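Close look at the chain arrangement
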Amino acid sequence: MMKLEILVNDVEGTIADWHAAIEFAGRKLLEKGYITPEYIQACLEREKTYPTGLLMSNGQGIAIPHADYTLVKTNSISIVRFDKGVVFGQMEDADLTVECSIMFNLAFATSDQHMSVLRRLFTLFQDISFIESCRNLKTHEVGKYVEEMLAAS
């Protein structure tokens with residue numbers, strides 16, 4: 001399992017839209033030096049064309065914005081939990097939207113690692129109990145939980 005830095009932040013109050021959500025998540029990665037400043041812009045640009053909202057089978061939404069690995073310094077995920085849902089375009093159909101209560105801003109430094117972790121995450125994202133746990137665990141417990149689940153899957 002590759003080394004992965006996971007940041008978890010809860011938003012008190014509102015984040016207006018997916019644009020603000022991605023900027024918020026990216027700023028957390030940037031503060032730690034895990035990404036280049038360009039990475040945030042790249043995520044925003046990519047989201048316009050290829051939205052990353054996923055509609056879960058229970059009707060909940062999650063978003064997984066990401067961008068080009070060449071702009072990433074350290075493999076990391078910025079998890080943001082919103083207390084009011086943020087609307088993202090749907091991955092399967094850009095004309096549809098989904099209200100997301102949690103976002104995983106993925107930043108991987110190499111393309112092959114990106115793909116393998118992405119595959120594992122997608123499997124986990126199909127699992128409602130995984131998302132519920134990410135939503136409901138205490139802030140400081142989420143990172144460790146995600147790491148353990150990735151290692152086990």
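Since the model is a prediction, treat every value here as computed from it, not as a measurement.

Rules used throughout
Residues numbered from 1 in each chain as written. Predicted model: local features only at pLDDT ≥ 70, side-chain atom pairs only at ≥ 80, totals over all residues. Heavy atoms only, no water. pLDDT = per-residue confidence, 0-100. Helix = DSSP H or I, 4+ residues; strand = E, 2+ residues; numbered from the N terminus. Pairing = 2+ DSSP bridges. Axes fitted to C-alpha atoms, helices over the stretch in contact; angles between N-to-C directions. Contact = heavy atoms within 4.5 Å. Buried < 20%, exposed > 50% of the residue type's maximum accessible area, 1.4 Å probe, protein only. Polar contact = N/O pair within 3.5 Å; in protein donor to acceptor, adjacent residues only side chain to side chain. Expected span 1.5 Å × (residues − 1). Salt bridge = Lys/Arg side-chain N within 4 Å of Asp/Glu carboxyl O. Lys, Arg positive; Asp, Glu negative; His and termini not counted. Disulfide = S-S within 2.5 Å.

Thoughts on the confidence of the model for the protein
Of the residues in the protein, 97% have a pLDDT of 70 or more, and the chain-wide mean is 92. Summarising per-element confidence for the protein, the mean pLDDT is lowest in helix 3 (residues 111-125) (81) and highest in helix 1 (residues 18-31) (97).

Section: the sheet that holds strand 3 (residues 61-63)
Strands sit in the order 1-4-5-3-2 across an open sheet of five strands; the sheet is mixed. The sheet is open, and its two edges are formed by strand 1 (5-11) and strand 2 (53-55), each paired on a single side. Averaged over all neighbouring strand pairs, the angle between strand axes comes to 25°, with direction disregarded. Examined bridge by bridge, strand 2 and strand 3 share three bridges and lie antiparallel to one another. When the bridges of strand 3 are listed, G53 appears paired with A63. Running over the sheet, helix 1 touches strand 1, strand 4 (76-89) and strand 5 (97-107) and is turned about 160° from strand 4. Helix 5 (residues 139-152) rests against strand 1 and strand 4 of the sheet, and its axis sits at about 145° to strand 1.

Focus: the environment of S76
You can see S76 is positioned in strand 4. The class of S76 is buried, set by a relative accessible area of 0%. Between the alpha carbons of S76 and P37 there is a distance of 15 Å; along the sequence they are 39 residues apart. For S76, the contacting residues outside a window of four places in its chain are L4, E5, L29, Y34, N105, L106, A107 and F108. A distance of 2.9 Å separates a polar side-chain atom of S76 from the backbone oxygen of T74.

Examining helix 1
Relative to the 20 Å expected for 14 residues at 1.5 Å per residue, helix 1 spans 20 Å between its end C-alpha atoms, a close match to the ideal helical length. Contact partners of the buried residues in helix 1: strand 1, helix 2 (37-49), strand 4 and strand 5. Downstream of helix 1 by one or two residues, G33 has phi in the positive range, about 80°.

Considering the pattern of salt bridges
Applying the stated criterion to the full structure yields three salt bridges. A salt bridge links R81 to D10, with the shortest nitrogen-to-oxygen separation between them at 2.6 Å. Here D10 lies in strand 1 and R81 lies in strand 4, a separation of 71 residues in the sequence. In this structure, the salt-bridge partner of E45 is K48, at a minimum N-O distance of 3.0 Å. In this pair, E45 and K48 both sit in helix 2, three residues apart, roughly one turn of the helix. Taking relative accessible area as the criterion, E45 reaches 40% and is therefore assigned partly exposed.

Focus: the side chain of E47
You can see E47 is positioned in helix 2. R46 is the oppositely charged side chain nearest to the buried, salt-bridge-free E47, at an N-O distance of 5.6 Å. Within the structure, E47 has its side chain in polar contact with the backbone nitrogen of T52 (distance 2.8 Å). Contacts of E47, omitting those with residues within four sequence positions, involve W18, I22, T52, G53, P65 and F88.

Observations concerning the state of the cysteines
All told, the structure shown has zero disulfides when counted by the stated rule. Of all cysteine sulfurs, the one in C100 lies closest to C43, which takes part in no disulfide; the gap is 15 Å. Look at C43 and you get buried, because its relative accessible area is 1%.

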